[in-house]
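Letter by letter, the chains look like this.
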Amino acid sequence: MRQEQMSTPLPGFEEFEEPAGAKGPGRPGISGGHGGSDGDGGAVGSGEPGGRHSGVPGQSPARSDHRREIAPGAVHVPGWLTMAQQRELVTACRGWARGPAPIRHTKLPRGGVMSVQTVCIGWHWQPYAYTRTADDVNGARVAEFPPWMVDLGRRALVEAYQDSTAGDGYTPDTALINFYDDQAKLGMHQDKEERSGAPVVSLSIGDTCVFRFGNTETRTKPYTDVELASGDLFVFGGPSRFAYHGVPKVRPGTGDPASGLAGGRLNITMRVTGLDG
Ligand SMILES: O=C(O)CCC(=O)C(=O)O
Ligand SMILES: [Fe+2]
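The structure presented is a predicted model; accordingly, all values stated were derived computationally and were not measured.

Calculation notes
Residues numbered from 1 in each chain as written. Chains lettered and ligands numbered in written order. Predicted model: local features only at pLDDT ≥ 70, side-chain atom pairs only at ≥ 80, totals over all residues. Heavy atoms only, no water. Donors = N, O, S within 2.8 Å, 3.2 Å for Na, K, Ca; no water. Helix = DSSP H or I, 4+ residues; strand = E, 2+ residues; numbered from the N terminus. Buried < 20%, exposed > 50% of the residue type's maximum accessible area, 1.4 Å probe, protein only. Contact = heavy atoms within 4.5 Å. Polar contact = N/O pair within 3.5 Å; in protein donor to acceptor, adjacent residues only side chain to side chain. Near = heavy atom within 4 Å. Areas by Shrake-Rupley, 256 points an atom, 1.4 Å probe, with all protein chains shown as cover. 1 Å grid on protein atoms, 1.4 Å probe; cavity = no way out; pocket = protein on both sides within 12 Å on 5 of 7 lines; lining within 4 Å. Sits in = over half its atoms within 2 Å of the grid points. Points joined across faces, edges and corners; volume = space filled by probe spheres on them. Nonpolar A, V, L, I, M, F, W, Y, C, P; charged D, E, K, R; others polar. Pairing = 2+ DSSP bridges. Axes fitted to C-alpha atoms, helices over the stretch in contact; angles between N-to-C directions. Parallel < 35°, antiparallel > 145°, perpendicular 65-115°, else oblique. Left-handed = near helix turned anticlockwise from the far one by under 90°. Phe/Tyr/Trp six-rings, centres within 6.5 Å; stacked < 30°, edge-to-face > 60°.

K.L.:
Which residues make up the coordination of the iron ion (ligand 2), and what values go with them?
P.N.:
Binding of the iron ion (ligand 2) to the protein goes through H189 (NE2), D191 (OD) and H245 (NE2), at separations of 2.1 Å. All donors to the iron ion (ligand 2) come from one chain, and their sequence spacing reads H-x1-D-x53-H. Residue D191 is located in the loop between β8 (186-189) and β9 (200-206), and its partner H245 is located in strand β13 (residues 245-250); the two are separated by 54 residues in the primary sequence. With a relative accessible area of 3%, D191 lands in the buried category. Residue H245 is classed as buried on the basis of its relative accessible area of 5%.

Shown next, in the form of C-alpha cells:
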C-alpha cells in the first residue's frame, strides 16, 4: 500500500554505495556485519567507546574532550563515532530503511506529514504510541533491536556522563532512525511516549544540523542551539529527559561522504520504551 512512500527519494542515502577511498587500512573491529543481524556486530558493537582514542591513521582527532553539558543531564559529545562506525551505522540503517517496514514521512493525526523520514526498530513509533507492527506503513513487524546497538547505547552513556557505571542496566529497546534532506526540519517536541525515564541516546551522521535543546516546560525559550555534526553523540536524561527539542535547520553539503552518506543527515535516537510484549 501507499506507493508514494515506497518511492520517496532519499538523495544521498538510498542510492549511495561505497565511497571512493573508504576502504582504508587499520580499522580494527570492522566486520562488515549488517545491523539487521543479531550477530556480534562490527565496529559499532566492539572496540573502544567512540573510538577516537586509538590514534588510527585517517581518523580525525578526538573531539570528545570537548564534551559539553548543555543542561543538567543533557550532554553533547562531538566526534564520538569514528568514520568506520558511522559507515557501519549507515549501512545498517540503509537496510532497515528498505524494510520490513520501509522508511516513510510520518503522517500526523491532523493531516500533516513530517518532512523528516523515519524508520523504527524494536518498536514502531507512530504519533503518539509504540506498537510492534508498523500499522501506518505496511503492517509489518519492525526489525529487532540488535544487541550491538544496546551495547553502543551503554557505551554512549558511559562517555556522556563520564561514569563507568552509567550504562549499567541501560537496555534501549527502540530506535527512531531519521533521515533529513536539505529541507527537512523537526519541530520542538518532547519524546514522551516512553514509559521510562531512561536517557535518550542520539547519534548524528552526515550533514551538520542545528539541534535546539530547550526546557521541560515550554516549546519556546530558554533553549540552546547546538551544532550536531557527523559522529556526534548527544544524550539527554535525568532532569532533561523530557525537555523539548527540535531540528530547525540542516546545513546542506557539510557532511563527509566517507561516512557513507552522500548527502543529508541521519539521526538515530535510542530509547527505553518501558513496554512489554
Ligand atoms: O534528529 C535529531 O537530532 C532529533 C530527533 C528527535 O528528536 C526524535 O526523533 O525524536
Ligand atoms: Fe525527539
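More follows now that the structure is in view.
K.L.:
Please give an account of the environment of D135 that cites residues and values.
P.N.:
Along the chain, D135 falls in the loop between β6 (129-131) and α3 (147-161). For D135, a relative accessible area of 47% translates into the label partly exposed. Sequence separation of D135 and A101 is 34 residues, and the distance between their C-alpha atoms is 9.2 Å. Once residues lying within four places of it in the same chain are set aside, the contact partners of D135 are H124 and Q126. Reaching out from D135, the side chain makes a polar contact with the side chain of T133 at a distance of 2.7 Å.

K.L.:
Run through the site of ligand 1, naming residues and quoting values.
P.N.:
Close to ligand 1 lie N178, Y180, L186, H189, D191, F211, H245, V247, R265, N267, T269 and R271. For ligand 1, an oxygen atom lies 2.8 Å from a polar atom in the side chain of R265. Side-chain polar atom of N267 to an oxygen atom of ligand 1: 3.3 Å apart, as the coordinates give it. When isolated, ligand 1 has an accessible area of 300 Å², and the protein chains bury 96% of it. Structurally, ligand 1 is housed in the largest pocket.

K.L.:
Provide a residue-level description of the layout of surface pockets, including the pertinent values.
P.N.:
Size it by volume and the largest pocket reaches roughly 580 Å³. In this structure, the largest pocket is lined by 30 residues; those nearest its centre are W125, L186, H189, Q190 and D191. Of all the secondary structure elements, the ones that give two or more residues to the lining of the largest pocket are β4 (113-121), β7 (174-180), β8, β13 and β14 (265-271). Its residues assigned to classes, the lining of the largest pocket comprises 14 nonpolar, 10 polar and six charged.

K.L.:
Describe the sheet that holds strand β1 (residues 68-71), with residues and values.
P.N.:
Strand order in the open sheet made by the eight strands is β1-β2-β12-β9-β14-β7-β4-β3, with antiparallel pairing throughout. Edge positions in the sheet fall to β1 and β3 (104-107), since each has one partner strand and no second. Strand after strand, the sheet turns through a mean of 30° between neighbouring axes, direction not considered. Alignment of β9 against strand β12 (residues 233-236), held across four bridges, turns out to be antiparallel. Along β12, the bridge assignment pairs L203 with L233.

K.L.:
Outline empty space enclosed by the protein, supporting the account with residue identities and numerical values.
P.N.:
Scanning the model with the defined rule gives two cavities of 30 Å³ or more in all. Roughly 30 Å³ of volume is contained in the second largest cavity. With three residues, the single largest contributor to the lining of the second largest cavity is β4. Of the residues that constitute the lining of the second largest cavity, the class distribution is eight nonpolar, one polar and no charged.

K.L.:
So what about the packing of helix α2 (residues 83-98) against α3? Which residues, and what values?
P.N.:
Relative orientation of the contacting elements α2 and α3 amounts to 135°, with a least axis distance of 13 Å. Relative to α3, α2 is oriented oblique. Judged by the sense of rotation from one axis to the other, the crossing of α2 with α3 is left-handed. Counted together, Q85, L89, A92 and W96 of α2 and W148, M149, L152 and R155 of α3 form the full contact between these two elements. A breakdown of the residues in the contact of α2 with α3 according to their chemical character gives six nonpolar, one polar and one charged.

K.L.:
Can you tell me about the packing of aromatic side chains, naming the residues and giving the values?
P.N.:
Summed over the entire model, instances satisfying the criterion amount to seven aromatic pairs. Aromatic side chains W96 and W148 sit 6.2 Å apart centroid to centroid with 15° between the ring planes, which places their arrangement in the stacked category. Taken together, the positions of W96 in helix α2 and W148 in helix α3 put the pair 52 residues apart, joining distant regions of the chain. Across this residue pair, the class does not change: W96 and W148 are buried.

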